[in-house]
2 protein chains.
Amino acid sequence: MFCFAQECIDEWILTRRRAKSSCLVGCPFRQVVSRRLEAKARPGEPIRLRFRCGIDLSLRQLRIFWTNDGSHPIWNGPSTTQHLDAQPLPPVWDTLTWGYRQDWQAILPAQADATILRYVAVGVDSCGRTLPCPWPGRDRHGSPHVATVTVDRLDPPTWLRQAVIYQVFVDRFAPSPGSVFASADDLDARLGGTLWGLIERLDHLVHLGVDTLWLSPIFASPNYHGYAVRDFYQVEPALGGDEAWQQLVDACRQRGLRIVLDFVANHLSDRHPAFVAALDPDDLVHRRWFRFRRWPDQFDCFFAQPHQPELDGEQPHVRDYLNAAAVYWLRLGCDGYRLDHAHGLSHGFWSEFRAATRSAAPHSVCFGEVTHTPQTLRSYAGRMDGLLDFPLCMLLRDTFARAEISLSHFDRRLCRHLDYLHGPMVMPSFLDNHDMNRFLITAGGDVRRLKVAALVQFLLPGPPIIYYGTEIGLSQRRPLGRLEESRLPMPPREQWDHDLRDFYRLLIRLRRRVAAHEQRPLLLWVDDDARCAAWQVGAVVLVVNLGASPCQTLDASRLLLATDPTTGPHLPAWSAAVLQA
Amino acid sequence: MFCFAQECIDEWILTRRRAKSSCLVGCPFRQVVSRRLEAKARPGEPIRLRFRCGIDLSLRQLRIFWTNDGSHPIWNGPSTTQHLDAQPLPPVWDTLTWGYRQDWQAILPAQADATILRYVAVGVDSCGRTLPCPWPGRDRHGSPHVATVTVDRLDPPTWLRQAVIYQVFVDRFAPSPGSVFASADDLDARLGGTLWGLIERLDHLVHLGVDTLWLSPIFASPNYHGYAVRDFYQVEPALGGDEAWQQLVDACRQRGLRIVLDFVANHLSDRHPAFVAALDPDDLVHRRWFRFRRWPDQFDCFFAQPHQPELDGEQPHVRDYLNAAAVYWLRLGCDGYRLDHAHGLSHGFWSEFRAATRSAAPHSVCFGEVTHTPQTLRSYAGRMDGLLDFPLCMLLRDTFARAEISLSHFDRRLCRHLDYLHGPMVMPSFLDNHDMNRFLITAGGDVRRLKVAALVQFLLPGPPIIYYGTEIGLSQRRPLGRLEESRLPMPPREQWDHDLRDFYRLLIRLRRRVAAHEQRPLLLWVDDDARCAAWQVGAVVLVVNLGASPCQTLDASRLLLATDPTTGPHLPAWSAAVLQA
């Protein structure tokens, strides 16, 4: 009897239709990552591949050509590449496509630790044709798509599980000592935040209690935000340059702070030398770094912005370049990466990226930004240490900022979500970030809601992220229309909500005391009419009241932390409290 | 490691939402029968139940109360009913509902042969409430829905697998000897076909080669079609009454013909004594046979027709009544049943129906009319011997009547369909029936297309059904607008297409020679541009040309049967041929 896809490493859909996504143009393989419980390929365990043959394609044979020596698999000529025929499975009815699907399965032999396995799949259709073969790969040179699986025993480092992370948008966080921010009238311009300014604020962050900084991109870039890199080997001079970086590393080490850098691998600035070279008629090597539809003026680019040409992450040269850059900064004191728009590159790309970075820095971490279904998110297990927890962010905002769902609905989604994703991965949690409305404006400016949401966030297992300013009540001038509205400069101290900041400080202490990263909330009771609920979290009880009137008699002697200072024997409306169990 | 639903006997969705279907009103269980590969409960094997808890319902406990002694399970009081707690499975992301689903599983102990197991499921929600409990069952008396599983070793009788079936619409097939049909101006009136007339035609049917008759409903009924029964224990006098029935049975036995009767269990005629009694204010027993929304004027009825009140098949009295009627006619010479609108009654109903009929007549058969997805169709395996193959009918008409899909698409859907459904069940095939446009009018009157389609139909494993008249070229006056257009009276012999009838006769011989019921077509080649293909079927090769010009050099010396008499070294346009392999 066959067990459904529980051990699949890769699962693909084979279809004649072209995928819409630009990074898959011309490739009849659309990677589908559904129904994978564990994407990790472990040494000594067979590697199961699944191919879902859609209603529009018949195959009579599907052959896998694979290598485990680092070489590219060769499928259409004499070579030492090994091969194996996939086996068809019984057909299944597929409601989504309203037709019968035929799945194929191949089980590659177990591999040794630290193996990088590469494979291509080549089919023969019902007419006996190798079809559509050669499947035009991303490089448009007749090669089928090469998939990569890394085989290792790497688990997420413990420090990431225990971390409390502070997200610094460098240009907007702190100007250099003695300077001030430029006027916030033009939010598309640099406002003057630097690494020097950040260094000056480190003691405040330590006092708050965070132990990890995630910095917005700091590599040389023409943009204030840095999300299009011109030079991966230089810190942007406007942010303080390489000298400030080294000072920051030293200062953080002294204080026990770790640094996670934002790494943008999907695209470059069009001023990056590789793209400039790609426009040279004689430079065919660099031309292949990008996906030109018609050289030199038509190419894939991020958000349809020609100044952000997308890299072809399937090219070995590109992988080598990006991996080397990532390793370079790990050696210069960086502790890991937040991977921008990770879904823009293939799973195989990240498998190799992680193998390279962990080999150079065994305690380094990487977690991705992937905004997709939970099914897709789970497919990154084993490729990365974790992912930013977008589904949880949505759930916390739906429940506590907009109050749109009941607490029993919240509990149901929360528990299933934690079980589904927080086993194989570390999922950093957040209430807001630089690409969305801040929580506070979404909550209509109601700080009570922010405090309740933060209390819940800090008692969940994923390492919490504080987006700069959220802890002191920074909001927006108006709701988004432009991303920049959520990136206002950090206000001067006299404009801070110091009560809120103190609350955050207590939150972090509470989180560590409870060891929340090891806990799962267990619902004790819920009353959807009164909009109250209570959960056990380790040795404490969390009580939430989203109703309009006070609820629940509390044993005030057991009170550890409350969002509302008037909390006594009753929990006030729109507040939460934590009690010793 | 858990294996995905391959052995489930029952699979349910638990949801707060009310099902739309009238037969499930008030019951938060919507029976879902998807992803069951084998619904048969075999003696000595554990019985696996699956409960899919949707995104709108949280459960902290799910308890199964079950009996195997024929009694009703009691869940809310002292009893000898056994119980067992279902276990939660890991959550899964469900794209269709866009949320996390929580599945529960219960494994009941293995049972002895011929056991009828009944169970109810009772949940406790996240607030600790038994919710919504008691789940209002179909009887509106506070009982949860009782599910039925029969445990047996019953396989479909061999004779059904080998059968060639002729569908007789009795009122339209043959008038009594010496009579003629009434004018076809009013197709809603009886036109005068009788069992006496049928008896007179038996020798013609034997000469054609069929071995099984499926008769439209013959029990006493106010309607010409008989699909609303007034008396299950009497043959409609207008069709010849009980005397003609007994004569028909004798005549068929002498000729080796089997008789399958159309059995309508979903609803009755409003003139049936049970419904008349249900309108009596004092008769509470019969009132419960039906689902009154507001007695006496609002009740569930078939196709919203008040003269066709629907039965409540969950009521033990109703089951006993219908099972007894079915057994009665089996004892009087009927060989089995075609089950009208089988999806209108529960799987548990049919489990008991089959247990009762097979117990009384071990070689009797039953196959259902279920127009639903292949997933749902497969769920009837083990409840019935088979189902009318509606998906195949659609495929044959799409390919050969309307020529809307390519031959490679046809082959792909066909092979997957056969693998998916023809293993556990016998699936009688048909090109048309009394509820759809006849094949010939759909094919624009092109007899070539009908012959090609019939040739393919008769070389497939499912027992073929010939709808009366299709074999002599009976078509329609106009496309449906009303079902009756496909129910014209059988024309006199001088209007028959005798060539077509001879072709059908050869078809049946060919089918028996090839033992097509044991074969699976294997595609040899296909050319979608020329619209030609060839399949191996056992010891013969089927070649099809749907193109506009002749194709393929044939070895004419091996020709066994061709749809076009001019077939020689070339296969003419729009024709098919069978050759010795």
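Peer 1: I'm lost on the overall build of chain A in this one. Help?
Peer 2: Along its length, chain A carries 14 helices and 28 strands. Projected onto its principal axes, the C-alpha coordinates of chain A cover approximately 75 × 60 × 40 Å. Every one of the 581 residues in chain A was classed for burial, and the buried ones make up 62%. The long-range fraction of contacts in chain A, counting pairs at least 24 apart against all pairs at least 6 apart in sequence, stands at 68%. Entry remark: accessible area of chain A is about 21500 Å², with carbon and sulfur atoms responsible for 51%. Within chain A, the 64 negative side-chain charges are centred at a point lying 4 Å from the centre of the 64 positive side-chain charges.

Peer 1: So what exactly am I meant to see when it comes to the packing of helix α3 (residues 195–208) of chain A against helix α14 (residues 498–514) of chain A here?
Peer 2: Working note: a packed helix pair is described by the angle between its axes plus the distance between those axes. Residues and elements named next belong to chain A. Relative orientation of the contacting elements α3 and α14 amounts to 60°, with a least axis distance of 8 Å. With respect to α14, the element α3 is oriented oblique. Residue-level contacts link His 204, Leu 205, His 207 and Leu 208 of α3 to Arg 501, Tyr 504, Arg 505 and Ile 508 of α14. Grouping the amino acids of the contact of α3 with α14 by side-chain chemistry returns four nonpolar, two polar and two charged.

Peer 1: What should I look at first to understand unusual backbone geometry in this one?
Peer 2: Trans peptide bonds make up the majority, and among non-glycine residues the majority have a negative phi. Residues and elements named next belong to chain A. The linkage connecting Trp 295 with the following residue, Pro 296, adopts the cis geometry, with an omega of 0°. Turning to its location among the elements, Pro 296 is positioned in the loop between β16 (292–294) and β17 (298–299). Despite not being glycine, Trp 574 shows a phi value in the positive range, around 50°. Structurally, the position occupied by Trp 574 is in the loop between β27 (570–571) and β28 (575–580).

Peer 1: Help me understand the sheet that holds strand β24 (residues 540–545) of chain A, please; the structure alone is not making it clear to me.
Peer 2: To summarise the sheet geometry, strands pair through backbone hydrogen bonds and adopt either a parallel or an antiparallel arrangement. All names here are of chain A. Pairing within the open sheet is antiparallel, and its five strands lie in the order β22-β23-β24-β28-β26. Strands with a single pairing partner mark the edges of an open sheet, and in this sheet they are β22 (522–527) and β26 (559–562). Recorded for the sheet is a direction-independent mean angle of 15° between the axes of neighbouring strands. On top of the sheet, helix α11 (residues 407–421) reaches β22, β23 (532–537) and β24; it is set at about 30° to β23, its chief contact. Running at roughly 135° to β26, α14 makes contact with β23, β24, β26 and β28 of the sheet.

Peer 1: Just checking my understanding: could you explain the packing of helix α3 (residues 195–208) of chain B against helix α4 (residues 241–255) of chain B for this structure?
Peer 2: Residues and elements named next belong to chain B. Taken N-terminus to C-terminus, the directions of α3 and α4 make an angle of 10°; their axes are 9 Å apart at the nearest point. In terms of orientation, α3 lies roughly parallel with respect to α4. Every residue of α4 that contacts α3 at Leu 195, Trp 196, Leu 198, Ile 199, Leu 202, Asp 203 and Val 206 is listed here: Glu 243, Ala 244, Trp 245, Gln 247, Leu 248, Ala 251, Cys 252 and Arg 255. Each residue belonging to the contact of α3 with α4 can be placed in one class, and the counts come to 11 nonpolar, one polar and three charged.

Peer 1: What exactly am I supposed to notice about the packing of aromatic side chains here?
Peer 2: Each pair of aromatic rings is reported with the distance of its centres and the angle of its planes. All names here are of chain A. Inspection of every chain in the model, using the stated rule, returns 62 aromatic pairs over all chains. With centroids separated by 5.1 Å and ring planes inclined at 90°, the aromatic side chains of Tyr 328 and Trp 329 adopt a geometry described as edge-to-face. For the pair Tyr 337 and Phe 353, a centre-to-centre distance of 6.1 Å together with 70° between the ring planes defines the contact as edge-to-face. Here Tyr 337, found in strand β18 (residues 336–339), pairs with Phe 353, found in helix α8 (residues 347–360); they are 16 residues apart in sequence, far enough to count as distant. Taken individually, Tyr 337 and Phe 353 each receive the classification buried, so the pair is uniform in this respect. The ring of Tyr 420 carries Arg 378 above its face, with NZ or CZ at 3.8 Å from the centroid. Note that Arg 449 overlies the ring of Trp 574, its terminal NZ or CZ placed 4.2 Å from the centroid.

Peer 1: What's the story with the pattern of salt bridges in this structure? I'm lost.
Peer 2: In a structure, side chains of opposite charge can pair up when their charged atoms sit close to one another. Following the criterion strictly, the structure yields 66 salt bridges over all chains and no others. Residue Arg 354 of chain B is joined to Asp 385 of chain B by a salt bridge in which the shortest nitrogen-to-oxygen separation is 2.5 Å. Placement of Arg 354 of chain B in helix α8 (residues 347–360) and of Asp 385 of chain B in the loop between α9 (374–378) and β20 (386–387) is noted, with a sequence separation of 31 residues between them. Overall, the relative accessible area of 0% leaves Asp 385 of chain B in the buried class. Two residues, Arg 477 of chain B and Glu 485 of chain B, come together in a salt bridge whose shortest N-O distance is 3.1 Å. For Arg 477 of chain B, a relative accessible area of 41% puts it in the partly exposed group. Overlapping salt bridges bring together Asp 188, Asp 435, Arg 482, Glu 484 and Arg 487 of chain A as one network.

Peer 1: Where do I start with the side chain of Ser 364 of chain B in this structure?
Peer 2: All names here are of chain B. As for its position among the elements, Ser 364 is in the loop between α8 and β19 (365–368). For Ser 364, a relative accessible area of 4% corresponds to the buried category. Within the structure, the side chain of Ser 364 is placed 2.8 Å from the backbone oxygen of Ala 361, a separation counted as a polar contact. Discounting residues that sit within four places of it in the chain, Ser 364 has contacts with Pro 157, Leu 330, Asp 335, Gly 336, Thr 357, Arg 358 and Asp 385.

Peer 1: In this structure, what is going on with the environment of Pro 222 of chain B? I would like to understand it.
Peer 2: All names here are of chain B. Residue placement: Pro 222 occurs in the loop between β13 (219–220) and β14 (231–235). In this structure, the C-alpha to C-alpha distance between Pro 222 and Asn 545, residues 323 residues apart in sequence, is 48 Å. With residues up to four places along the chain from it excluded, the contact list for Pro 222 reads Arg 190, Ala 228, Arg 230, Ser 269 and Arg 271.

Peer 1: What am I meant to see in the confidence of the model for chain A here?
Peer 2: The predicted coordinates should not be examined in detail at positions where pLDDT is low. Residues and elements named next belong to chain A. Per-residue pLDDT for chain A has a mean of 88; in total, 90% of the residues score no lower than 70. Across residues 1–6 the pLDDT falls below 50, and counting only partners more than four positions away or on other chains, this stretch makes 24 contacts in the model. In the model, residues 17–38 has pLDDT below 50 throughout and makes 72 contacts with residues more than four positions away in sequence or in other chains. Model confidence for the complex is summarised by a pTM of 0.83, with the ipTM given as 0.78.

Peer 1: Whenever I open this one, the sheet that holds strand β20 (residues 386–387) of chain A confuses me. Can you help?
Peer 2: All names here are of chain A. In space, the seven strands of this open sheet follow the order β20-β19-β18-β15-β12-β11-β21, with parallel pairing throughout. Bordering the open sheet on either side are β20 and β21 (465–467), each of which pairs with just one other strand. Alignment of strand β11 (residues 165–168) against strand β12 (residues 212–215), held across four bridges, turns out to be parallel. Paired with Ile 165 across the strands is Thr 212, a residue of β12. Sitting on the sheet, helix α7 (residues 316–331) is in contact with β15 (258–263) and β18, with an inclination near 135° to β18.

So, how was this worked out
Residues numbered from 1 in each chain as written. Chains lettered and ligands numbered in written order. Predicted model: local features only at pLDDT ≥ 70, side-chain atom pairs only at ≥ 80, totals over all residues. Heavy atoms only, no water. Helix = DSSP H or I, 4+ residues; strand = E, 2+ residues; numbered from the N terminus. Buried < 20%, exposed > 50% of the residue type's maximum accessible area, 1.4 Å probe, protein only. Contact = heavy atoms within 4.5 Å. Areas by Shrake-Rupley, 256 points an atom, 1.4 Å probe, with all protein chains shown as cover. Lys, Arg positive; Asp, Glu negative; His and termini not counted. Charge placed at Lys NZ, Arg CZ, Asp CG, Glu CD. Axes fitted to C-alpha atoms, helices over the stretch in contact; angles between N-to-C directions. Parallel < 35°, antiparallel > 145°, perpendicular 65-115°, else oblique. Nonpolar A, V, L, I, M, F, W, Y, C, P; charged D, E, K, R; others polar. Pairing = 2+ DSSP bridges. Phe/Tyr/Trp six-rings, centres within 6.5 Å; stacked < 30°, edge-to-face > 60°. Lys NZ or Arg CZ within 6 Å of the ring centre and 35° of its normal. Salt bridge = Lys/Arg side-chain N within 4 Å of Asp/Glu carboxyl O. Polar contact = N/O pair within 3.5 Å; in protein donor to acceptor, adjacent residues only side chain to side chain. pLDDT = per-residue confidence, 0-100.

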